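# Observations on the model geometry
Residues per chain, in single letters:
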Amino acid sequence: MANTKTHTLEKHLGQIPGSVIYTGKKKSQKLFIETFDYNKEQCAEKELTSVQESFEFKLTDSITWVNLNGLNHVNEIEKLGAHYGLHPLVLEDIVNISQRPKIDEYENYIFVVLKMLYYDENEAIVSEQVSFILGESYVLSFQESEGDVFNSVRDRIRHAKGRIRNMKSDYLLYTLIDAIVDHYFSVIEILGDKIEDFETAIFSGDIDDDVSQKIQNLKREILRVRRAIFPLREVINRIEKNENKLIQKRTITYYRDIYDHLIQVSENIDIYREMIWSLMDMYMTTISNKMNEVMKVLTIMASIFIPLTFIAGIYGMNFEYIPELHYKYSYFILWGVMIVLFVAMLFYFKRKKWL
Amino acid sequence: MANTKTHTLEKHLGQIPGSVIYTGKKKSQKLFIETFDYNKEQCAEKELTSVQESFEFKLTDSITWVNLNGLNHVNEIEKLGAHYGLHPLVLEDIVNISQRPKIDEYENYIFVVLKMLYYDENEAIVSEQVSFILGESYVLSFQESEGDVFNSVRDRIRHAKGRIRNMKSDYLLYTLIDAIVDHYFSVIEILGDKIEDFETAIFSGDIDDDVSQKIQNLKREILRVRRAIFPLREVINRIEKNENKLIQKRTITYYRDIYDHLIQVSENIDIYREMIWSLMDMYMTTISNKMNEVMKVLTIMASIFIPLTFIAGIYGMNFEYIPELHYKYSYFILWGVMIVLFVAMLFYFKRKKWL
Amino acid sequence: MANTKTHTLEKHLGQIPGSVIYTGKKKSQKLFIETFDYNKEQCAEKELTSVQESFEFKLTDSITWVNLNGLNHVNEIEKLGAHYGLHPLVLEDIVNISQRPKIDEYENYIFVVLKMLYYDENEAIVSEQVSFILGESYVLSFQESEGDVFNSVRDRIRHAKGRIRNMKSDYLLYTLIDAIVDHYFSVIEILGDKIEDFETAIFSGDIDDDVSQKIQNLKREILRVRRAIFPLREVINRIEKNENKLIQKRTITYYRDIYDHLIQVSENIDIYREMIWSLMDMYMTTISNKMNEVMKVLTIMASIFIPLTFIAGIYGMNFEYIPELHYKYSYFILWGVMIVLFVAMLFYFKRKKWL
Amino acid sequence: MANTKTHTLEKHLGQIPGSVIYTGKKKSQKLFIETFDYNKEQCAEKELTSVQESFEFKLTDSITWVNLNGLNHVNEIEKLGAHYGLHPLVLEDIVNISQRPKIDEYENYIFVVLKMLYYDENEAIVSEQVSFILGESYVLSFQESEGDVFNSVRDRIRHAKGRIRNMKSDYLLYTLIDAIVDHYFSVIEILGDKIEDFETAIFSGDIDDDVSQKIQNLKREILRVRRAIFPLREVINRIEKNENKLIQKRTITYYRDIYDHLIQVSENIDIYREMIWSLMDMYMTTISNKMNEVMKVLTIMASIFIPLTFIAGIYGMNFEYIPELHYKYSYFILWGVMIVLFVAMLFYFKRKKWL
Amino acid sequence: MANTKTHTLEKHLGQIPGSVIYTGKKKSQKLFIETFDYNKEQCAEKELTSVQESFEFKLTDSITWVNLNGLNHVNEIEKLGAHYGLHPLVLEDIVNISQRPKIDEYENYIFVVLKMLYYDENEAIVSEQVSFILGESYVLSFQESEGDVFNSVRDRIRHAKGRIRNMKSDYLLYTLIDAIVDHYFSVIEILGDKIEDFETAIFSGDIDDDVSQKIQNLKREILRVRRAIFPLREVINRIEKNENKLIQKRTITYYRDIYDHLIQVSENIDIYREMIWSLMDMYMTTISNKMNEVMKVLTIMASIFIPLTFIAGIYGMNFEYIPELHYKYSYFILWGVMIVLFVAMLFYFKRKKWL
C-alpha cells in the first residue's frame, strides 16, 4: 500500500449489494485472530486461527475484544458477521478498503470505520483501514494485516492499568480509537519536519530541479492525511452528540477529548497545507530572482564590452585616411578613453545596485 | 453527445409550460421498450414496440420495470405519462436532456433525474440523462438511447440473484441508481489515470505546446463530472432523510450506502480538481526553469567571448605605434592571457552553480 | 443602458423615504399601458394612455394584467399605486431602477422586482428592471420602456393556449417570470459562445494586445448577469416555500420549475466564471512560452556566432609574429574548425530540444 | 483621521472595565449639543453648551433628539449617561472610537454604533464613529466632531416634511441611520470611479512605477469601507428580525428598506474588490508583454547583425592565403550575400510575427 | 518558547488517558503559587510554596484566586486537582501546553484554556498557555512560568478599584480573561507596524534577497496569533450564550464586551493576513519590473552598438578592391553615418519610453 496513487477507488461493477469482496492488495495475508475477554477481576487473552473459537465469548458477561487481521479471509468474516448478526452492507464495507471514515448506527451495534496512518520504511504514508463493531459487551476490530498501534491498549488490559478493566465496551472502543488518533500526531510531526526542512532548503537556495515534484508529493501526502482524518471528526462528533444507548454518559467526556485532539491535528494539517502553497510561491520568486541575477551578469558584461569592441573596430578599419592612426600617442590615449568608459560603466551599475 | 461544449442549455423560448419537447440531438433514435414484471416466484421479460403493450402491467400486483429508450418519441412518452397520471412538467423534464439531477415528490410517485456517465470510443466523457418514476409497484425508466449500465440488474432479476425478487419497487430503483453510481467509479478511475499520466509527463519535461489546452480540457471534464454527480448527493440524501411512504424503512440503509459512495466519488473529484490546479502552477515553474536555463547558456557564452573578442579587437587596430605588436612573443602571451580569462570565467560560473 | 459601468448606484441623498423618483436615463419615454382582462370564457385586450382607464378592471372577477411601460411617468404610477393601495416604499422601489431582485410580501399583495436581460445591438448586455405586483385577481407589471419578452404570454392569453385562461393571477405571474427566466438561457448561451471563441483564439495563438482587456470585459458581463440572476433564486425559493394565500398550492409546482431553471443558469454562470479565470492563467503561459521562444532564438544565434567571431578576431590581429598566418592552408583549416564548431553547437541545441 | 493606517486599534491596557476614556485624536474639540423636541403639532430646536440643559426633555411626551458633538468631553457624556441610566460599558464604547458597528439591547434602550463615511479634502476616506441610544421617547446621538450627513433630517423635522413628525423615536432613529447609509452610496460611487479610471490607465499603458502601490492603496480603502459597512448589515437585520418593544411593527418595513440598501452597497463593494484583484493580474500581464517586446527588439537586432559581423570578421583576418581577397568583385558579392541574409532574417521574423 | 516552529504538537504515544504529563520545555521552573482571598470588606494576599497551604481557602465564603506558576510540578497540580475534585482529563489538559483554546463545562466547575500572547526580547511572538478553573467561589489559574499580564487585576483587587470586590468569581474570571485579551491588542499593533514597515520597504525598493523569507515569517506569526485567538471567540461566545449557573446574568454583558474585542482583533488579523498575501504579489511585480529595467539597458546597448560594430567590421576587411577605402573623406563620412544611426536609435528608444 506504499504506492503514491491518490485514488484508491475499488468497486466491482455490477456486484450485488452486500457482496463481501476484499478490494485490497494483500490477497495472501495469513488470518490472525486474537481475543481479550476481561472484567474487573480477570483477563483472558487468546490467539485463534478460526473465528468459530471466538463465538463462546459472546455469551459471557465480561467485555470481549475480538481483533481480526487479514481482510482477504472473507469467509471467516462472513461467519463472524452471521454470528453477531451484522448487516450484509456492513460486511461489504469492512472488506472494501476504500471506505471513508464513517459511523453507522444499527439496532444492536455501532459500526465505525477509520484509517490508521503510519510512515512505512520508504518514508511513504500508509493508510490502513480499521473497522470496529461496538456491541453491548464486545468490540470487534478488523485490520488488513498484522501490526498496529494497539500495543499500549493490550498492555493496559493485561495489567489493569488505568480504568479500562472497570469500564464497559464503549470505553474499550474509546481507547482503541484514541490509540489511532494519538498516532496521527506523530505522523503529522514527521510531515511538519519534512515541510520545514524543505522550506529551509528553498531559502538557502540549495534546490534542485525536482522541487516542484517534491512540492506536489508533499501536497499529496497532506491530501491523504486529510482524507483519513477530516471525516473522522464528524464521526466522533456524532458519537459525542447522539444519544446512543451503547455509549454511556460518563464515557462521552473521553470521546470529547478525542474530538479535541482531532481538531488540533486538523488545524495543523491546514497550516501545513497553507505553508506548502506558499512554498510554491516562494520557489517561483527564487527562480525569478535567479533569472534576474543571470540577466544582470549578461547585461553588465555586454554593456561594458560591446561599446569598447566597437571603438576597437573603428581603428581596425582600413581606410587610407584615418588621421588618428598616425599620431604617436593615439594608442595610449585610446586605452585611457576605454578605461574611463569602463570605470564609468562600473560606477553606473554600482549606483543601480546591480553589482 | 461526445462534444466538448460545456453548456448544454436548451430551452425553447416562449414555449408553453408542460410542452413535451425533446431537446437532444438523437432525433432519429428507434423506440425500444423492455419490461420486467416479477415477484418472488416468477419473472416475465418482454420487448415492446409501443407503450400500450406495457399498460397491462400496471394492474398486476407484481413489480414492473418499464425501460423506455428513445426520448425523441415524445408521443409514446406522453401516452405512457397519461396512463400513469404523470404531471405535464414531469414529462417536459424527461425529454429535456439538460436537467440537473433532482428529485420531485408527487402524490403517488417520485420523479428522479440523474446522469449516466461513460467514456465513449473517443475517450470523451458522455453524460446521458436517465429519468426514473417510482410508483408503488412499478419503476419507469427513460433513456435517450439504447446501451446502458443495467445489465447486472437485468441479470439479477432474471436469475433471482441477491434479494431483488423479494423486495419492492423502491429496492429496484435502488439497484438501478446503484448501477449508475458504480459506473461513476470507473469513470473517475480513468480520469485519475489521465491526470497522473499527464503529471508524470510534465515532471519528465516531456511536454509540448498544447499543455495548457490539455489542462483546460481536463478541467472541463472534471466540471462535467462534478455537474453530474454533486447534485445527486442531495437527491439521495433527500430520499434517505424524507419519510416518503414509497420508500420502505428497510431500504433506507441501501440508499445510505449509495450516499456514502457518492461522497467518496465527490471527494476524489475534488482531489483531482486540486491536482489539476497545481499542475498549471507546476507547468509555469517548468517554463520558468527552462527559460532560466536558456538565459544561463546565453550569459555564459556572451560573458566569456565578448571580452576576449574585445581583446582581439584591440590588436586588430591599425595604429602605427602599438608597441606590443612588435614583441616576438606577444601573440603567445596574449593566448595565455585569454586562456587564463577563460578558465577564470568558467570557475566563476561554476561557483555560481550555472554550470 | 448599454454602458459598461458596473456600478449603477443611484440614490438621491437626503430624499424623504417613500419619495417616488425615477433614477434611470430614459427620461423622455412615452407612457404606454396595456391591459388584459380575461377569464375562462373571454379575453379583453386594451391599450391605454392613462392609468385611470385601467381602474375599472379592479372590480371585475376576471384576472387583470396591467402592463405599464415608462417609469419616468411617476405621477401615473403614483395614481395607480394609490388606487391599488400600494405602500410608498413599493412605489419608490418600482421607479428606482437599481434594485436588487427581491420579494416583499404585504397584506394584500406581493411585490416582486427582477431584471430582464438581453443583448442589445452593440452586443452589450442590457439589464432592465421589471417590477410585479401580484394581487388576488390582478398582476401589475412595470417596465422602463417598451419591448419585452412577454409576447408568448400575450399570445397564450389571447388564444387560450395552455392552461393560462383556467388559472388565477398567481399563474399569470408565473408565466411572466418564466418568460424572463427562459430568456436568461439565450443570454447565457451567447455569453458561453463568446468565451469559447475567445478560448479557441488564445489556444491558436491568434491573440492581440488587448486580450486582458477583453478578459476583464467578459468578467464584468458575467458579474452583471450574476447580479441579476443569483438573488432571484432566493426570491423564487421564498415564493415556493412561504405559504402565502395569494399563491395557490397547485401553482407551487410551476414555481419550483422556475427555481430549477435558475439553478441550471446559475451553475452555468459559475462554470463560465471559472473558465474565464483560467483563461487568464492560460494567457500568461502563452506569453511566457512566446518569450521562451524569443530567448531561444537569441541564445542560439549568439552562442553560435560569438565564438566564431572571436576566432576570426584572433586572426585579424596585427602582431608581427603569428605563425599560423603564414601556413598556406591555415585559412581552409580554420573554416573547417569553424564548421565543426557550428555543427557541434547545432547538435547540442538539438539535444536540448531548442531546435 | 485621514491617515492611511488600517489598524486603528486603541485599547488602554489594564484599564478598569467601564472606564470612559476617549481614544480618538480630536482632543480639543469644542462641545456642541443640539436638541430637537417635537410632536405632531410643534417642534423646538435648541443649541446647548452643557448636557444638563437637555435633561428637561426626558420628561416630556414629545420625541426628543439630543445630538452631542465632541467625544473628548467625557464628563458631560458621563453625566448624560447617568441621567438616562446607561450602562458603564455603553459609555466606554461611545467614546472608544474603534468600535465595530454593533447593536446591544438593554432593558430600556437600544445601543447602536455605526460608522459615517465620507471623503475628506485629500480624497482620503474618513470613517467617523456615530453612536445612537434609542429610548422610548428619545434618541441620543454621539459624534466625534461637528459636521455630519443629518441636515436633511433636521430639515424634515423642522418643516414637518414626510411623516417624521407623526412617528415615534424608532422612526427618528431610522431616518438618521438612513441618512448615513444613503451617504455610503456616494462614497462607493467615488471609489468605483477611481477604480475604473485606474483600469483605463492600465489598459492604455499609461502607467508609472507606483502602480502596485496605488493598487495596494485601493485595496485598503475598500477594506476600510467593508469594515464600516458589512457588520452594519447584521445590526439592521437584528433590528428587523428581533421583536423589541422599542421598534414598532409599522417601522420594521423601513428598516428592511435600509437593509436592502446595505445589501446593494455590499454587493458593489465585493465587485470592486474583485475588480481590483484582477487589476493586479492585468498589470502583471502588461509587464510581461512589455518585457516580451523588449526581448524581441534585442533578439532581432542581435540575430541579424551578429552573423553579418562574423562574416566581416572572416575577411578581416590577416592570413596570407585567402583566395577570395584577391578577386575583384568579392567585396560586392559579399555585400550581396549580406543583404540576402538580412532580408531572409527580416522575412523570418515577419513570419514569426515579431515585427 | 521563542522558537519559530509552527507545530507544537506533543503527545506521548500510548499514554493512559488522564495521565498528567507536562509537555513543555521549562522543566526546571520553580513552583510559585499566589493566592488572593477577598470580599467586599477585605483582601488577603499570600505567596505559597506548596498547594496544601491554599486548601483552607476553599472553605471560606470569600472569593479566592489561586494562581499557580510552574506546570512542571505535576504532583502539586494533581494534589490541587484532587482537592478541588477536578476530572483527570482536565489535569492532563492543564499540563499539556499544546491545547487549543477551549471551554469544558463540568458539574461544579468550568474549565477554560487560552493562550497569553506577548513579544519576547527577540521580537518573537510567545504564546503561553493559561488554564482557568471557575468554581462557585474560586478561580484557579495555571501558568507555565512567572510573568503575566495580570498586574492590573492584582491592583484592582488589592485597592478595591472598580467593582471587582463587589462581584463574584465569574467577574474575577472575566477580568483575568479581559487582561489577556487586552494584551492581544498590543501584540496585534506591533504586528501591524511590522507589516507596514515592510510594505514601505518594498515600495521604496529597499529590499534584499530574503524578502520572501521575511514574508514567510510574517505569515507564520499571523498563523500563530490566529490559532491563539480565533478559537477563543467560540469559547467566549459559549460562556455568553450557555446558561451556566456559575455565570451570573449581570456578568454576561461583560463577557459580551470581551467577545466584541475578540471580533475586533480577529478582523484586524484577517486584514493583516490579506495584506501579507498581496505583499507577495507586490514583491513579484517589483522583481519583474527590475528585470524589465535590466533587459532594457541590455537591449539599448546591444541594439545601438552591434550594428555600428558591424559597419566597422566591414571596413576592416582586407579585400583588395574596396573602393570606399581610398576616398579621402570616407572615414569622416562613416562617422557621420554612425552618429546619425546612433541618434536615430536613441530617438526610437525614447519614443518607446525605454529611456
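Fair warning: this is a prediction, and the values are worked out from it, not measured in the lab.

### As for the interface of chain C and chain B
- With 70 residues of chain C at the contact, the number on the chain B side is 65 residues.
- Of the roughly 6100 Å² buried between chain C and chain B, counting both surfaces, carbon and sulfur atoms make up 63%.
- The interface formed by chain C and chain B holds seven salt bridges in total.
- If you look at where chain C meets chain B, you find 15 residue pairs in polar contact (both at pLDDT 80 or more).
- When residues of the side of chain C that touches chain B are traced back to their parent elements, those giving at least two are helix H3 (151-159), helix H4 (169-203), helix H6 (249-314) and helix H7 (330-351) of chain C.

### A closer look at the sheet that holds strand S7 (residues 138-143) of chain E
Residues and elements named next belong to chain E.
- What the seven strands build is an open sheet, ordered S2-S1-S3-S7-S6-S5-S4; its pairing is mixed. Among the strands making up the open sheet, the edge pair consists of strand S2 (43-48) and strand S4 (102-105). Taking the axes of each pair of neighbouring strands and ignoring which way they run, one obtains an average angle of 15° across the sheet.
- Sitting on the sheet, helix H2 (residues 88-95) is in contact with S4, strand S5 (110-119), strand S6 (125-134) and S7, with an inclination near 160° to S6.
- Strand contacts of helix H3 (residues 151-158): strand S1 (32-38), S2 and strand S3 (63-69), with the helix running at about 35° to S1, the strand carrying the most contacts.

### Focus: the domain arrangement of chain A
- Parsing chain A into structural domains produces domain 1 (19-285) and domain 2 (293-351).
- Centre-to-centre, using C-alpha coordinates, domain 1 of chain A lies 75 Å away from domain 2 of chain A.

### A look at the interface of chain B and chain A
- Contact with chain B, which involves 70 residues of that partner, is made by 65 residues of chain A.
- In total, about 6100 Å² of surface goes out of reach between chain B and chain A, with carbon and sulfur atoms giving 63% of it.
- Together, Phe-310, Phe-319 and Tyr-321 of chain B form the three largest contributors to the area buried by chain B at its contact with chain A, with a combined 11%.
- For Asp-104 of chain A, the salt bridge goes to Arg-256 of chain B, with nearest N and O atoms at 3.7 Å.
- At the boundary of chain B and chain A, one finds 16 residue pairs in polar contact (both at pLDDT 80 or more).
- Of all the secondary structure elements, the ones that give two or more residues to the side of chain B that touches chain A are helix H3 (151-159), helix H4 (169-203), helix H6 (249-314) and helix H7 (330-351) of chain B.

### Observations concerning the packing of aromatic side chains
- Scanning the entire structure with this criterion turns up 85 aromatic pairs over all chains.
- Ring plane angle 75° and centroid distance 5.9 Å describe the contact between Trp-65 of chain D and Phe-150 of chain D, whose orientation is recorded as edge-to-face. Of this pair, Trp-65 of chain D sits in strand S3 (residues 63-69) while Phe-150 of chain D sits in the loop between strand S7 (138-143) and helix H3 (151-158), and the two are 85 residues apart along the sequence. In this pair, the class of Trp-65 of chain D matches that of Phe-150 of chain D, namely buried.
- Among the aromatic side chains, those forming a connected cluster through ring pairs are Tyr-315, Tyr-331, Phe-332 and Trp-335 of chain A together with Phe-319 of chain B.

### Considerations on the confidence of the model for chain A
All names here are of chain A.
- Put simply, chain A has an average pLDDT of 87, and 95% of its residues get 70 or more.
- Looking over chain A, one finds the lowest element-wise mean pLDDT in helix H5 (residues 211-241), namely 89, and the highest in strand S7 (residues 138-143), namely 95.
- Listed scores for the predicted complex are pTM 0.83 and ipTM 0.78.

### Thoughts on the relation of the copies chain B and chain A
- For the match of chain B to chain A, the screw axis carries a shift of 0.1 Å, the RMSD comes to 0.1 Å, and the turn is 72°. With respect to symmetry, the two chain copies, as superposed, fit the operation of a five-fold axis. By C-alpha distance to the rotation axis, the residue of chain B lying nearest is Gly-316 of chain B, at 4.7 Å.
- By residue overlap, the copies meet through two different surfaces: only 17% of the interface positions of chain B are interface positions in chain A.

### Considerations on unusual backbone geometry
- Within the chain, Glu-123 of chain C stands out as a residue other than glycine whose phi angle is a positive 60°.
- Position of Glu-123 of chain C relative to the elements: it lies in the loop between strand S5 (110-119) and strand S6 (125-134).
- A positive phi angle, close to 60°, is found at Lys-353 of chain D, a residue other than glycine.
- Within the secondary structure layout, Lys-353 of chain D lies in the segment after helix H7 (330-351).

### Focus: a nonpolar patch on the surface
Residues and elements named next belong to chain A.
- A cluster of nonpolar side chains, contributed by Tyr-329, Phe-332, Ile-333, Val-337 and Leu-341, occupies part of the molecular surface with about 480 Å² of accessible area.
- Tracing the chain through its elements places Tyr-329 in the loop between helix H6 (249-314) and helix H7 (330-351).
- The class of Tyr-329 is exposed, set by a relative accessible area of 54%.

### So, the pairing of strand S6 (residues 125-134) of chain B
Residues and elements named next belong to chain B.
- Burial within S6 is extensive, with 10 of its 10 residues counted as buried.
- On S6, burial covers both faces: Ile-125, Ser-127, Gln-129, Ser-131 and Ile-133 on one face and Val-126, Glu-128, Val-130, Phe-132 and Leu-134 on the other are all buried.
- Two elements, strand S5 (residues 110-119) and S6, share 10 bridges in a ladder whose sense is antiparallel. When the sheet's bridge partners are listed, Val-113 is paired in S6 with Ser-131.
- The antiparallel hairpin formed by S5 and S6 contains five residues in its connecting segment, where Glu-123 sits at a positive phi of about 60°.
- Of the pairings in the sheet, the one linking S6 to strand S7 (residues 138-143) comprises five bridges and is antiparallel in character. Residue pairing across strands places Phe-132 opposite Ser-141, the latter belonging to S7.
- A loop of three residues connects S6 with S7, the two strands running antiparallel in sequence.

Calculation criteria
- Residues numbered from 1 in each chain as written.
- Chains lettered and ligands numbered in written order.
- Predicted model: local features only at pLDDT ≥ 70, side-chain atom pairs only at ≥ 80, totals over all residues.
- Heavy atoms only, no water.
- Contact = heavy atoms within 4.5 Å.
- Buried area = accessible area lost by both parts, 1.4 Å probe.
- Salt bridge = Lys/Arg side-chain N within 4 Å of Asp/Glu carboxyl O.
- Polar contact = N/O pair within 3.5 Å; in protein donor to acceptor, adjacent residues only side chain to side chain.
- Helix = DSSP H or I, 4+ residues; strand = E, 2+ residues; numbered from the N terminus.
- Pairing = 2+ DSSP bridges.
- Axes fitted to C-alpha atoms, helices over the stretch in contact; angles between N-to-C directions.
- Domains from an automatic or database assignment.
- Phe/Tyr/Trp six-rings, centres within 6.5 Å; stacked < 30°, edge-to-face > 60°.
- Buried < 20%, exposed > 50% of the residue type's maximum accessible area, 1.4 Å probe, protein only.
- pLDDT = per-residue confidence, 0-100.
- Least-squares fit on C-alpha atoms with pLDDT ≥ 70 in both.
- Patch = residues over 30% accessible without salt bridge, like charges linked within 9 Å, V, L, I, M, F, W, Y side chains within 5 Å.
- Areas by Shrake-Rupley, 256 points an atom, 1.4 Å probe, with all protein chains shown as cover.

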